[in-house]
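# Analysis of the macromolecular model
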Amino acid sequence: MEKNGKIFVAPPKDGSDFKELFKQLAAAGAGRPLGSDGFPQGPWTPELLAEAISQIDSNRIGVDLRTVQLWFQENEKGISPSNIRWLARIFGCDDPEATSEWQMELSAAQSRLTAKRRDSKKAGSSTALRVPDMPPPPMTVDDQTQPAVDLPQGIDATRRRQGFSLARKSEALFSHGSPLNLPASIFAGASALGFLSYIVGIHSATYSRADGVVKQVGFLWAPNWTFLFMVLLPLFFAFVIELLVFWKHDARFRLVAQGDRLESDDAWTRNVQAYSYTYWAVFLICVLFAGLFQWIGVCLIPLINGGGNYAVDWGKLAIVHPEVISVPMTIVFTGLAYLYMCLCFYLFFAGLILLHTIVHDLWKVEEGSKMRLEEYRRAGGEIGLRVMRGIFRCTVLGVLVAICMKAQSAYLASNGEDILTWLANDMSSVLNGQRNDSNSFSYRMPTHYSSLLVAISSCVGFLYGSIRFGKRFHAPLWKMSAVVALLFASYLLIDAFDGFSILLGTGTLLATYGLFDPEFGRWRANELGSNQSVS
């Protein structure tokens with residue numbers, strides 16, 4: 001039958017599912033234009049059908065060739081509601097009435113396919129439950145990321161969603177809701193602590209040390225409690241969220257060549273769940289050791305008993321100036337501050353774990369990809385480079401977090417009146433040729449150790465990605481690695497020699513520029529390309 005110069009086949013309405021119906025229509029070439037001799041031009045191929053759907057005027061997005069290929073294959077993949085609309089236009093030969101009939105027929109066929117797939121999964125699960133108990137096979141490292149029982153994908157996903165999972169809850173904080181939620185929450189918490197410090201009177205406070213040096217120890221003057229939580233961590237979380245959403249909802253689905261987005265999401269969920277012990281280990285370390293035990297040892301015991309070989313800061317100001325703030329008030333304020341700090345750093349390490357998960361998942365997808373080689377090189381190369389750019393930004397911010405922590409700790413043991421003056425005096429000492437005797441007191445500095453953990457952990461994801469993809473992105477990764485190495489060296493050499501602030505400033509400036517242009521030259525290349533295209 002002919003309609004609008006095309007081959008028209010009426011909906012059979014014989015109860016076929018989508019696979020059966022589509023197979024018949026594709027073989028008949030339904031919707032294809034008639035040849036010049038008035039005879040059919042032949043059956044549909046994936047390439048011809050994808051091109052025909054993409055040429056529909058109202059279809060601005062088009063359709064992916066891989067999706068159309070899945071319709072032709074013998075599998076359980078169906079068709080999405082949006083693609084039903086375009087396929088109905090093809091089979092209906094652009095006739096409104098025929099298109100409406102085919103849209104209803106295709107929707108019913110898809111529903112029948114879904115019901116058939118659901119029944120087969122139920123039958124498979126019932127058969128699995130009747131199998132006699134057998135000893136489980138030895139588990140390998142690769143088996144730990146797979147379901148313990150070979151159940152259908154939907155049943156396994158349902159079981160995984162039951163019960164509490166710290167890994168999934170942590171990942172949900174980054175990937176669910178608005179991208180602004182987590183960075184804004186961190187900023188709001190730091191702002192609240194800043195207001196509280198102003199209310200209790202320790203936002204800006206000085207004390208005279210035994211050697212006569214008057215030091216600024218106010219809460220708002222400590223970069224590891226202000227700049228770190230109000231600028232660096234919100235930016236870090238924003239970059240992690242951007243990269244996670246891009247990988248989870250876009251890039252991964254494009255690379256795995258699967259037609260069902262739910263299956264791709266379930267695979268990602270299993271990858272996240274595989275890191276469950278890592279999340280729990282980090283949570284216990286951050287809450288118990290970095291939070292509770294450190295607060296008891298560094299703040300609570302010195303405030304109650306006095307003494308302790310720790311530098312006086314805003315958390316111990318009540319020991320030397322009880323008229324400024326009382327001991328009970330300091331205990332309450334430091335308790336809130338350390339609770340906020342340990343939770344923020346847990347989320348920080350959770351973000352680093354997610355970065356490692358993305359790199360590992362990308363590598364595994366590359367190993368098992370079924371895409372055509374030239375198509376994969378184009379899509380995978382762009383995605384891999386974007387992933388590494390995001391991880392570089394997060395690495396830079398992580399090392400800057402460690403720099404803030406160590407710089408504040410080193411300042412408290414120095415002769416500087418405030419941290420800005422201390423850095424300026426160190427820089428001027430080299431320029432003027434004078435020795436800067438900055439250290440006169442020896443204190444316990446637990447922040448030096450914790451900042452080292454932060455700095456090393458921040459570089460792990462970038463190092464892992466560089467090992468996996470270094471050969472492919474040699475030039476841009478070389479530049480990124482050089483900046484990370486310089487910034488890490490700047491961190492290690494804080495207060496190690498006169499003039500360290502020059503190295504620190506240089507590394508910080510390069511790293512800050514890298515946040516905007518991770519490839520160090522991409523902006524100029526784009527600008528030159530734009531000028532050439534205009535000319």
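The shown structure was predicted, so the numbers you read here are calculated from the model rather than taken from an experiment.

What counts and how
- Residues numbered from 1 in each chain as written.
- Predicted model: local features only at pLDDT ≥ 70, side-chain atom pairs only at ≥ 80, totals over all residues.
- Heavy atoms only, no water.
- Helix = DSSP H or I, 4+ residues; strand = E, 2+ residues; numbered from the N terminus.
- Areas by Shrake-Rupley, 256 points an atom, 1.4 Å probe, with all protein chains shown as cover.
- Salt bridge = Lys/Arg side-chain N within 4 Å of Asp/Glu carboxyl O.
- Buried < 20%, exposed > 50% of the residue type's maximum accessible area, 1.4 Å probe, protein only.
- Core = buried A, V, L, I, M, F, W, Y, C linked by side-chain atoms within 4.5 Å.
- Contact = heavy atoms within 4.5 Å.
- Axes fitted to C-alpha atoms, helices over the stretch in contact; angles between N-to-C directions.
- Parallel < 35°, antiparallel > 145°, perpendicular 65-115°, else oblique.
- Nonpolar A, V, L, I, M, F, W, Y, C, P; charged D, E, K, R; others polar.
- Phe/Tyr/Trp six-rings, centres within 6.5 Å; stacked < 30°, edge-to-face > 60°.
- pLDDT = per-residue confidence, 0-100.
- Disulfide = S-S within 2.5 Å.
- Lys, Arg positive; Asp, Glu negative; His and termini not counted.
- Expected span 1.5 Å × (residues − 1).
- Patch = residues over 30% accessible without salt bridge, like charges linked within 9 Å, V, L, I, M, F, W, Y side chains within 5 Å.

### Observations concerning the overall build of the chain
Secondary structure assignment for the chain yields 19 helices and four strands. Here the chain displays about 27,000 Å² of accessible surface, and carbon together with sulfur accounts for 61% of that area.

### Quick word on the pattern of salt bridges
The final tally for this structure, using the stated rule, is 10 salt bridges. A salt bridge links Glu20 to Lys116; its shortest N-O distance comes to 3.7 Å. With Glu20 in helix H1 (residues 18-28) and Lys116 in helix H5 (residues 96-129), the pair connects residues that are 96 residues apart, well separated along the chain. Using a relative accessible area of 43% as the deciding quantity, one classes Lys116 as partly exposed.

### Looking at the nonpolar core
By size, the foremost hydrophobic cluster in this structure holds 112 residues, and its most contacted members are Phe174, Trp225, Phe229, Leu233, Trp247, Tyr279 and Phe345. In this structure Tyr279 touches Leu166, Ala167, Ser170, Val272, Tyr346, Ala350, Ile353 and Leu354, once residues within four positions along its chain are discounted. One finds Phe8, Leu49, Ile84 and Leu113 within the second-largest nonpolar core, a separate group that totals 30 residues.

### Here we look at the packing of helix H8 (residues 181-200) against helix H9 (residues 227-256)
Two quantities define a packed helix pair, namely the angle between the helix axes and the distance between the axes. It is the contact of H8 with H9, at a shortest axis distance of 8 Å, that shows an interaxial angle of 170°. Considered as vectors, H8 and H9 are oriented roughly antiparallel to each other. For the pair formed by H8 and H9, the contact residues are Leu182, Pro183, Ile186, Phe187, Ala190 and Ser191 on the first element and Phe229, Met230, Leu233, Pro234, Phe237, Ala238 and Ile241 on the second. Looking at side-chain class alone, the contact of H8 with H9 contains 12 nonpolar, one polar and no charged residues.

### Remarks on the packing of aromatic side chains
How two aromatic rings sit relative to each other is set out by the distance from centre to centre and by the angle between their planes. Under the counting rule described, the total for this entry stands at 29 aromatic pairs. Each ring, one from Trp225 and one from Tyr338, has its centre 5.8 Å from the other, and the planes form 55°; the classification is tilted. With Trp225 in the loop between strand E4 (214-216) and H9 and Tyr338 in helix H13 (residues 327-368), the pair connects residues that are 113 residues apart, well separated along the chain. Overall, the relative accessible area of 9% leaves Trp225 in the buried class.

### Quick notes on the packing of H1 against helix H3 (residues 65-72)
Viewed as axis vectors pointing N to C, H1 and H3 meet at an angle of 100°, and their least axial separation amounts to 9 Å. Judged on the interaxial angle alone, H3 and H1 are roughly perpendicular. Listed contacts from H3 to Phe18, Lys19, Phe22 and Ala26 of H1 are Leu70, Trp71 and Phe72. Of the residues that constitute the contact of H1 with H3, the class distribution is six nonpolar, no polar and one charged.

### Brief notes about the environment of Leu352
Here Leu352 shows up in helix H13. Along the chain, Leu352 and Cys459 lie 107 residues apart, while their C-alpha atoms are 9.2 Å from each other. With residues near it in sequence (within four places) discarded, Leu352 still touches Phe236, Ser457 and Ser458.

### Overview of helix H7 (residues 166-175)
For an α-helix, 3.6 residues make a turn, and residues three or four places apart therefore share a direction. Counting buried positions over the 10 residues of H7 gives eight, a clear majority of the element. Taken residue by residue, H7 has Leu166, Ala167, Arg168, Ser170, Glu171, Ala172, Phe174 and Ser175 as its buried positions.

### Thoughts on the confidence of the model for the chain
A residue-level look at the chain finds 84% of positions with pLDDT of 70 or above and a mean pLDDT of 83. Counting interchain partners and residues more than four positions distant, the pLDDT-below-50 stretch residues 370-374 has six contacts.

### Structural notes on unusual backbone geometry
Not every positive phi belongs to a glycine, and Lys13 is a case in point at roughly 50°. If you check the backbone angles, Cys93 has positive phi at about 55° while not being a glycine. One can find Cys93 in the loop between helix H4 (81-91) and H5. Residue classification places Cys93 among the buried positions, given a relative accessible area of 0%.

### So, the state of the cysteines
Enumeration over the complete set of coordinates arrives at zero disulfides. Free of any disulfide, Cys342 has its nearest neighbouring cysteine sulfur in Cys286, separated by 7.5 Å. Here Cys342 falls in the buried class, since its relative accessible area comes to 3%.

### Here we look at the side chain of Arg393
With respect to the helices and strands, the residue Arg393 is situated in helix H14 (residues 373-412). Despite its burial, Arg393 pairs with no opposite charge, the nearest such side chain being Glu242 at 5.5 Å. Filtering out sequence-adjacent residues up to four positions away, Arg393 remains in contact with Phe239, Gly514, Leu515, Phe516 and Pro518.

### Let's talk about H8
The end-to-end C-alpha distance of H8, which contains 20 residues, comes to 29 Å, matching closely the 28 Å that a straight helix rising 1.5 Å per residue would cover. Gly201 occupies a position one or two residues after H8 and carries a positive phi of about 95°.

### Concerning a nonpolar patch on the surface
A cluster of nonpolar side chains, namely Phe164, Trp280, Leu284, Ile285, Leu288, Phe289, Leu292 and Phe293, defines an oily patch on the protein surface of about 790 Å² accessible area. Judged by relative accessible area, Leu292 falls into the partly exposed class, the value being 39%.

### Some details on the side chain of Ser170
The topology assignment puts Ser170 in helix H7. Residue classification places Ser170 among the buried positions, given a relative accessible area of 2%. Non-local contacts of Ser170, meaning those with residues more than four positions away in its chain, are made with Tyr279, Tyr346 and Ala350.

### Focus on the environment of Ala475
Position of Ala475 among the secondary structure elements: in helix H17 (residues 474-492). C-alpha separation for the pair Ala475 and Glu519, spaced 44 residues apart in sequence, amounts to 8.6 Å.

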